[in-house]
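Reading the structure
One letter stands for each residue in the lines below.
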Amino acid sequence: MAQCRLTDFFARRRPGLRDKPTRTKPAWRTPSPAKPAPRAPAPGPGSSRKRARSPAEPTRDEPAPPARRRLRLPANAVAGPSSPAAAGSPEHSSPQSTKTKKATLSASQRPCLAAQEDKVPSKVTLSELKSCLQRAQELGARVQELKASAQKNAGEPSAPEDRGHPAGLCGEQMPAYQRFHALAQPGPPGLVLPYKYQVLAEMFRSMDTIVSMLYNRSETVTFTKVKQGVQDMMRKRFEERNVGQIKTVYPGSYRFRQERYIPTFKDGVRRSDYQLTIEPLLDQQAGSAAPQLTASHLLQRRQVFSQKLVARVREHHRAFLASLNPPMEVPEDQLTRWHPRFNVDEVPDVEPAELPQPPAVEKLASAQEVLARARSLMSPRMEKALSDLAQRTAQPSSPQPPSPALPATPPATPPAALKGVSQALLERIRAKEAQQQLARMTRRPEHEQRLQRLERLPELARVLRSVFVSERKPALTMEVACARMTGSYRAAMSPGEMEKHVQLLSELLPDWLSLHRIRTDTYVKLDKAADLAGVMAQLARLARAEEAL
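Keep in mind it's a predicted model, so treat the numbers as computed, not measured. (Residues numbered from 1 in each chain as written. Predicted model: local features only at pLDDT ≥ 70, side-chain atom pairs only at ≥ 80, totals over all residues. Heavy atoms only, no water.)

Structural notes on the nonpolar core
Note the following rule: The nonpolar core is taken to be a set of buried Ala, Val, Leu, Ile, Met, Phe, Trp, Tyr and Cys residues, with the residues joined through side-chain atoms within 4.5 Å. The rule is simple: take the accessible area with a 1.4 Å probe, protein chains only, and divide by the maximum for that residue type; under 20% is buried, over 50% is exposed, in between is partly exposed. Think of it this way: any DSSP run of H or I at least four residues long counts as a helix, any run of E at least two long counts as a strand, and we number them from the N terminus. Residue contacts are counted whenever heavy atoms from the two residues lie within 4.5 Å of one another.
With 40 residues, the main nonpolar core has Met207, Val226, Phe238, Ile278, Phe305 and Leu309 as its most contacted residues. Elements with a contribution of two residues or more to this core: helix H8 (195–216), helix H9 (223–234), helix H10 (240–249), strand S1 (254–259), strand S2 (275–280) and helix H11 (295–322). Here this core takes eleven residues from H8, the largest share from any one element. Contacts of Ile278, omitting those with residues within four sequence positions, involve Met207, Val211, Val221, Phe223, Val226, Tyr254, Arg255 and Phe256. Core analysis: the next-biggest nonpolar cluster, separate from the first, contains 29 residues, Phe468, Met485, Val524 and Leu526 among them.

Following this line, the structure appears as structure tokens:
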């Protein structure tokens, strides 16, 4: 599109050239300087220097827009057919009426009208304006609906899940990946095993693999070796309970025994300890060598184990069908999938079977039992020889002059450090040590606990006095005092045990610490003016005296 010149604008503003016919040449054109303009007045000294337009230059029938482009509408687009301004053309309307028309336009109509004017500047009808306005309203309503739906979805993200799963399932002990394991299986639904049954089948496969490796090289298979290998393969705990479950499902898979004197090459296990041994049960043909646990055997045993697991689930499924109203009965050979309402993952776990336990071994607790056991182990011939030797020693064959009686135990030579110490003093010390050892060996548990409390009392007395000093009260309740002492003592102790120490302290030192029972509470009162060092020394002496008894 060619750009118009400023001189063309001023030429179009001249009102005298409106009635001239139009030519077939382009509407906008720069006037030719070769032809003079006879009607243009000569420029005076005060007039502006403007180029006059040639009279032969064609003009448009309607007035040109001003230099700043304005929105022009036909009169019937705003005032309607009955308006007086609709009879004339837009160019004959006054500037005041044009401003009024522009003020009546809404902000949503202006972009649409501007686009309509660019396409057809002078042919805008009321029907097109109404259709544009209706389309804008529909788009606005559509945007509001989309915003409302987006806010609703953002505010309730878990609404579909809550409707799909009742609230009761959230309180289950098992996690969701176990409770809904059957629903997450790929492929069409079938006779899917519960999650715990599949884990048990995987444990049997791993156990069979480890047992086959040890059995094929003629090595004794123990539970300790199998446990380590299965845990390394599955990254899960494998215990004797799982072995008992395998025995429940497939009793003819292994033979279990308790044996000892098996080399373990470990420091924690002795050869004399009993260990659980595992031996696979295989069909041995007559006249053949020892069978090997080959890959075909492993595959066959795995299939048998899976079939037995499915059979256990079938029993629970049959009971579920019988509990329906009305009850259902499906032939076992025609069953290809479980009932939709049958929760497979809620099938009860397999009860573990009892495994062989090590025999009870008699343990000797005293020296007398050891001697009695040793005498029972001697043969009669050896026992008779020992009795004869004892008789010959007691009754000598030839009489001899009586010899001075020798002491049974020769006097022990005192060490160099005790040289010069009285022998009587040493004997008294040894007698006292023997008495203390006897007291320790025959001490009752209650007495032992009392001695332990007595050893803690000196430090607890210091802690209790510091509690009273910090609280700045003449008396405290037993609960408060025990709670403060428990928090300040170096070792962990319950408030009930601390209360027993406080009672023992009041029993030994009633002048320093007293307990007062008032209604339902017990109050502790302490003499803060007493010397703490003397109190602690007195408690230490009482503890030593109690231990010496």
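Back to the text.
Observations regarding helix H18 (residues 532–548)
Our working definition: Multiplying 1.5 Å by the helix residue count minus one yields the expected span of that helix. As used here, the arc is the angular range of directions from the helix axis to the C-beta atoms. Nitrogen and oxygen atoms within 3.5 Å of one another constitute a polar contact, given that in protein one can donate a hydrogen and the other can accept it, and given that sequence-neighbouring residues count only through two side-chain atoms.
Compared with an ideal rise of 1.5 Å per residue, which puts 17 residues at 24 Å, H18 spans 25 Å between its outermost C-alpha atoms and is within 8% of the ideal. Within H18 the residues assigned to the buried category are Leu532, Val535, Leu539 and Ala543. Buried positions in H18, seen along its axis, are confined to an arc of 75° and lie on one side of it. When the buried face of H18 is taken as reference, the exposed residues oriented beyond 90 degrees from it are Arg544 and Ala548. You can read the cap of H18 off the contacts: a side-chain oxygen lies 3.4 Å from the backbone nitrogen of Ala533, and it is on Asp531.

With respect to the confidence of the model for the protein chain
The line we're drawing: How sure the predictor is of each residue is captured by pLDDT, a score from 0 to 100.
A residue-level look at the protein chain finds 61% of positions with pLDDT of 70 or above and a mean pLDDT of 74. At the low end of the mean pLDDT range in the protein chain sits helix H6 (residues 159–164), at 37; at the high end sits H10, at 95. Predicted confidence is poor over residues 77–122, with pLDDT under 50, and the contacts of this stretch with residues over four places away or in other chains come to 39 contacts. When the criterion is pLDDT under 50, residues 155–172 qualifies, and its contacts beyond four places in sequence or with other chains add up to five contacts.

Some remarks on the packing of helix H16 (residues 478–488) against helix H17 (residues 495–508)
As a reminder of what qualifies: To define axes, lines are fitted to C-alpha atoms, for helices over the stretch in contact only, and angles between the resulting N-to-C directions are given on a 0 to 180 degree scale. Angles below 35 degrees are treated as roughly parallel, those above 145 as roughly antiparallel, those between 65 and 115 as roughly perpendicular, and all remaining angles as oblique. Each residue is assigned to one class: nonpolar for Ala, Val, Leu, Ile, Met, Phe, Trp, Tyr, Cys and Pro, charged for Asp, Glu, Lys and Arg, and polar for all the others, Gly among them.
Packing of H16 against H17 brings their axes to within 9 Å, and their N-to-C directions diverge by 105°. The orientation of H16 relative to H17 falls into the category roughly perpendicular. From H16, Met478, Cys482, Met485 and Thr486 reach across to H17, where they touch Pro495, Met498, Glu499 and Val502. Tallied by class, residues from the contact of H16 with H17 come to six nonpolar, one polar and one charged.

As for the packing of aromatic side chains
To keep it simple, the criterion reads: Aromatic rings from Phe, Tyr and Trp, with only the six-membered ring used for Trp, were paired whenever their centres fell within 6.5 Å, and each pair was classed as stacked if the ring planes differed by under 30 degrees, edge-to-face if by over 60, and tilted otherwise. Put simply, a charge is over a ring when the Lys NZ or the Arg CZ is close to the ring centre, within 6 Å, and near the line of the ring normal, within 35 degrees.
This structure, assessed with the given rule, holds seven aromatic pairs. For the cation-ring pair, Arg301 lies above Tyr254, with the distance from its terminal atom to the ring centre recorded as 5.1 Å.

Overview of H9
Across its twelve residues, H9 extends 16 Å between first and last C-alpha, which sits within 8% of the 16 Å expected from 1.5 Å per residue. Taken together, the buried positions of H9 are occupied by Phe223, Val226, Gly229, Val230 and Met234. Down the axis, H9 shows its buried residues gathered within 135° of arc, on one side only. Tucked into the core, H9 has its buried residues touching H8, H10 and S2. At the exit of H9 stands Arg235, carrying a positive phi of roughly 60°.

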